[in-house]
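Fold and geometry: a report
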Amino acid sequence: MRIQVLGASGGECLGSSLTCLLINETIALDAGSLAGNLSLDAQAKVRSIVLSHSHMDHIASLPFLIENVFGSAPGPIEIYASAPTIYAVRKNLFNNEVWPDFSRIPNHLLPSVRFHELTEEEPVVIDGVTFTPIPVQHVVPTFGFLIQHEGSAMLWSSDTGPTQRLWEIANATPDLKLVGLEVSFDNSLQHIADISDHLTPNTVDQELAKLEVEVPVLLHHLKPPCAEAIQREVAHLGRSNLGFLEEGKTYEI
């Protein structure tokens, strides 16, 4: 499984791109920076997009990718998400006010976008890659994912505060090779992290106590103003398996 990190940040500024992973060149996990960090030719290869939730930093480039490939794709872009996420995206984004409703362009029989509803813990296979949605603790309905391909698995937390089911599934996955875990705020903003259902280095340490297998854990979703403090505080945790997801890097799992 080839994972290209187009964006790993929880905010946007020079050098920090919004959350988006490109898997095997054809599947995007979230769409924060999907259009801005890919050539037009590479965008045309993306046929499926899996959304964790409806927040802007995870869907921001979705309309631009669809516009860029409109008319040249062999069929609709397939978007997979929970029912609440699909509702929010259709109501607030593809509503013919903020952006055209590409689920009805050129017409409802031949749409440019087609939505597929994900159900918690029911696997779906997309281009040979299996995604199992796992509910996590966030302020809007959000899925993390167990992602499996050819005998290897990655666990992706998406945005979450302290959670439980994610770790139970991690511990029951014998082929787990990597965990991607969010951390958004430094420890001085613990109260903000708590009310917004995000993690700090302190709560990352508590969450990793629930992980019973020794695998690399790569942190993502750092808010740019907090990034330096987070990096210092994570270093002080002294966990040898803990690092940071690198934007622009491709991981082979």
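A brief look at the structure comes next. Quick caveat: nothing in here was measured; it's all calculated off a predicted structure. (Residues numbered from 1 in each chain as written. Predicted model: local features only at pLDDT ≥ 70, side-chain atom pairs only at ≥ 80, totals over all residues. Heavy atoms only, no water.)

According to the stated counting rule, one finds 8 salt bridges in the structure shown. Glu25 is the partner of Arg2 in a salt bridge, and the nearest nitrogen-oxygen pair spans 3.9 Å. Here the residue Arg2 occupies a position in strand 1 (residues 2–7), and Glu25 occupies one in the loop between strand 2 (20–23) and strand 3 (27–29), the gap between them amounting to 23 residues. Arg2 sits in the partly exposed class, given a relative accessible area of 33%. (Salt bridge = Lys/Arg side-chain N within 4 Å of Asp/Glu carboxyl O. Helix = DSSP H or I, 4+ residues; strand = E, 2+ residues; numbered from the N terminus. Buried < 20%, exposed > 50% of the residue type's maximum accessible area, 1.4 Å probe, protein only.)

As a further point, take the sheet that holds strand 14 (residues 217–220). Read across the sheet, 7 strands follow the order 9-10-11-12-13-14-15 without closing on themselves; strand pairing throughout is mixed. The strands lining the two open edges of the sheet, one partner per strand, are strand 9 (124–126) and strand 15 (242–244). Across the sheet, the mean angle separating the axes of adjacent strands is 25° when strand polarity is ignored. Those strands touched by helix 7 (residues 201–208) are strand 13 (176–182), strand 14 and strand 15, and its axis lies near 150° from that of strand 13. Packing of helix 8 (residues 227–237) onto the sheet brings it into contact with strand 14 and strand 15, and relative to strand 15 it is tilted by some 160°. (Pairing = 2+ DSSP bridges. Axes fitted to C-alpha atoms, helices over the stretch in contact; angles between N-to-C directions. Contact = heavy atoms within 4.5 Å.)

With that settled, the discussion passes to the pairing of strand 10 (residues 129–135). Along strand 10, 6 of the 7 residues are buried, which leaves the element largely enclosed by surrounding structure. Looking at chain direction, strand 9 and strand 10 are connected through 3 bridges and run antiparallel. Across the sheet, Val125 pairs through a bridge with Thr130, a residue of strand 10. Hairpin geometry of strand 9 and strand 10 is characterised by an intervening segment of 2 residues between the two adjacent antiparallel strands and by a positive phi of about 50° at Asp127.

Looking now at helix 3 (residues 62–69). In an α-helix there are 3.6 residues to a turn, and that puts residues three or four apart on one side. Among the residues making up helix 3, those that are buried are Leu62, Pro63, Leu65, Ile66 and Val69. Buried residues of helix 3 fall within an arc of 165° about the axis and therefore sit on the same side. In this structure, the buried side of helix 3 is in contact with helix 1 (40–45), strand 4 (48–50), helix 2 (56–59), strand 5 (77–81), helix 4 (83–92) and strand 8 (113–117). Positive phi appears at Gly71, one or two residues downstream of helix 3, with a value of about 85°. (Arc of directions from axis to C-beta.)

So, on to unusual backbone geometry. In the segment running from Ile105 into Pro106, the intervening peptide bond is cis, with an omega of 0°. Summarising the element assignment, Pro106 is placed in strand 6 (residues 106–107). Phi at Asn96 takes a positive value of approximately 65°, unusual for a residue other than glycine. Within the secondary structure layout, Asn96 lies in the loop between helix 4 and strand 6. Since its relative accessible area comes to 57%, Asn96 is described here as exposed.

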